[in-house]
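As a plain string of letters, each chain reads:
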Amino acid sequence: MAYDATKGPVAMPVTGWMTASDGAKIPYRMKGTGPAFIMVHGWSQSGAMFQHQLDALSDRYTVIVPDVRGHGEAPEPAGGLRMARLGMDLRELIRHLSLDEVSLLGWSMGVSVLWAYVDMFGTSAVKKFVFVDQPSMLTVVAGMDENDALDAGALFTVPQLLDLYAAIKGPDGETTRAGFVQGMVTKTIAPALYNWILAEDAKTSQRVAAELLLSHCTNDWRDVLDRIDRPTLVIGGSVSHVAPQSQRYIHGRIPGSVYHEFDADHGGAHFPFLEAPDAFNAVVGSFLDTH
């Protein structure tokens with residue numbers, strides 16, 4: 001199935017809701033039959049990002065795409081804006097849907113959600129993992145040398161992170177976030193698709209975006225990588241703001257994992273599933289089918 005990568009997808013309506021144990025409302029889209037495959041989106045975005053995958057992979061998988069609390073169609077929650085709570089939301093969604101075994105894909109912050117899940121609950125319910133373009137530690141901490149920081153994919157010093165947190169909460173927060181997105185796409189992205197991404201980004205409130213960014217950027221997941229004992233695909237981008245070295249590092253830490261790096265002509269920034277959906281679907285579909 002060929003997709004138009006020049007504009008945003010027409011998102012499938014929400015098909016179900018889960019009420020988390022703390023009262024937060026989590027919407028999800030579900031399509032297809034076959035083994036379960038949950039896809040978790042990134043910071044200040046939405047499950048609508050994965051509509052092309054929901055369409056293309058649902059011929060042989062039950063594809064489930066939630067909106068993270070406070071994102072997309074999810075109402076703003078009273079609290080729980082922490083990676084651990086998002087990991088709990090994922091576990092509760094798996095139980096809500098009575099899934100005995102599930103493959104999991106995370107993109108950007110969605111990978112951190114998967115790592116939080118593994119940290120708390122292990123991998124016994126997981127068949128396969130797909131990790132898309134997420135550093136294992138986003139902030140430079142004491143004891144990191146230059147190569148450690150490159151391997152981790154650290155993007156911020158602590159002062160830079162706190163300044164960004166304040167800017168997102170401030171009066172120009174939406175402009176700050178828009179500038180952030182601009183650095184995450186290829187230079188040749190179609191204007192209509194770029195504007196669609198910005199519109200999805202704007203659905204997340206400044207409070208939710210700021211609080212989750214702080215949690216997202218201050219969790220060090222490097223020790224969790226050694227506990228990934230399921231078939232794993234790691235995806236990076238040659239022109240992504242997330243350094244490919246950091247994705248190769250994750251691949252190197254997970255025995256038997258597979259690595260794929262998209263180039264600039266195939267959506268090789270932070271949104272390959274939108275900028276080059278056919279290529280992305282072929283890589284992910286092949287991994288799910290054969291490994």
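Please refer to the structure higher up on the page.
Here is a short report on the structure shown in this document. Since we're looking at a predicted model, the values are computed, not measured. (Residues numbered from 1 in each chain as written. Predicted model: local features only at pLDDT ≥ 70, side-chain atom pairs only at ≥ 80, totals over all residues. Heavy atoms only, no water.)

1. Topic: the environment of serine 246
Right, so step 1: Its place among the elements puts serine 246 in helix 10 (residues 244–253).
Right, so step 2: Remark: the alpha-carbon pair of serine 246 and valine 14, spanning 232 residues in sequence, is separated by 34 Å.
Right, so step 3: Contacts of serine 246, omitting those with residues within four sequence positions, involve Leu150, Asp151, Ala152 and Gly153. (Helix = DSSP H or I, 4+ residues; strand = E, 2+ residues; numbered from the N terminus. Contact = heavy atoms within 4.5 Å.)

2. A short note on the packing of helix 5 (residues 158–169) against helix 8 (residues 206–217)
Working note: a packed helix pair is described by the angle between its axes plus the distance between those axes.
Right, so step 1: The contact between helix 5 and helix 8 brings their axes to 8 Å, and the two run at 165°. When the axis of helix 5 is compared with that of helix 8, the two are roughly antiparallel. In terms of crossing hand, the pair formed by helix 5 and helix 8 is right-handed. Of helix 8, the residues touching helix 5 (which contributes Leu161, Leu162, Leu164, Tyr165, Ile168 and Lys169) are Gln206, Ala209, Ala210, Glu211, Leu213, Leu214 and Cys217.
Right, so step 2: The residue inventory of the contact of helix 5 with helix 8, partitioned by class, reads ten nonpolar, one polar and two charged. (Axes fitted to C-alpha atoms, helices over the stretch in contact; angles between N-to-C directions. Parallel < 35°, antiparallel > 145°, perpendicular 65-115°, else oblique. Left-handed = near helix turned anticlockwise from the far one by under 90°. Nonpolar A, V, L, I, M, F, W, Y, C, P; charged D, E, K, R; others polar.)

3. Overview of the pattern of salt bridges
Right, so step 1: Here the structure, examined in full by the defined rule, presents 19 salt bridges.
Right, so step 2: The salt bridge partner of aspartate 220 is arginine 222, with a shortest N-O separation of 2.6 Å.
Right, so step 3: Put simply, Asp22, Arg69, Arg85, Asp89 and Glu92 are held in one network by salt bridges that share partners. (Salt bridge = Lys/Arg side-chain N within 4 Å of Asp/Glu carboxyl O.)

4. With respect to the side chain of threonine 62
Right, so step 1: Its location among the elements puts threonine 62 in strand 4 (residues 62–66).
Right, so step 2: Looking at threonine 62, its side chain comes within polar contact range of the main-chain oxygen of glycine 32, at 3.5 Å.
Right, so step 3: Here glycine 34 takes part through its backbone oxygen, which lies 2.9 Å from a polar atom of the side chain of threonine 62.
Right, so step 4: Setting aside anything within four residues of it in sequence, one finds threonine 62 in contact with Met30, Lys31, Gly32, Thr33, Gly34, Pro35, Ala36 and Phe37. (Polar contact = N/O pair within 3.5 Å; in protein donor to acceptor, adjacent residues only side chain to side chain.)

5. What to know about the packing of aromatic side chains
Right, so step 1: Within this structure, the stated rule accounts for 13 aromatic pairs.
Right, so step 2: Ring plane angle 35° and centroid distance 5.4 Å describe the contact between phenylalanine 129 and phenylalanine 131, whose orientation is recorded as tilted. Across this residue pair, the class does not change: phenylalanine 129 and phenylalanine 131 are buried.
Right, so step 3: Aromatic side chains phenylalanine 156 and phenylalanine 180 sit 6.3 Å apart centroid to centroid with 20° between the ring planes, which places their arrangement in the stacked category. Taken together, the positions of phenylalanine 156 in the loop between helix 4 (146–152) and helix 5 and phenylalanine 180 in helix 6 (residues 173–182) put the pair 24 residues apart, joining distant regions of the chain.
Right, so step 4: Owing to a relative accessible area of 23%, phenylalanine 180 belongs among the partly exposed residues under this scheme.
Right, so step 5: Put simply, the rings of Phe50, Trp107, Phe262, Phe271, Phe273 and Phe280 pair up and form one aromatic cluster. (Phe/Tyr/Trp six-rings, centres within 6.5 Å; stacked < 30°, edge-to-face > 60°. Buried < 20%, exposed > 50% of the residue type's maximum accessible area, 1.4 Å probe, protein only.)

6. Focus: the environment of histidine 71
Right, so step 1: Inspection of the secondary structure puts histidine 71 in the loop between strand 4 and helix 2 (83–96).
Right, so step 2: Using a relative accessible area of 0% as the deciding quantity, one classes histidine 71 as buried.
Right, so step 3: Dropping the residues within four chain positions of it, histidine 71 is found in contact with His41, Gly42, Trp43, Ser44, Gln45, Thr204, Val208 and Leu212.

Interpretation in functional terms is not warranted from these geometric data alone.
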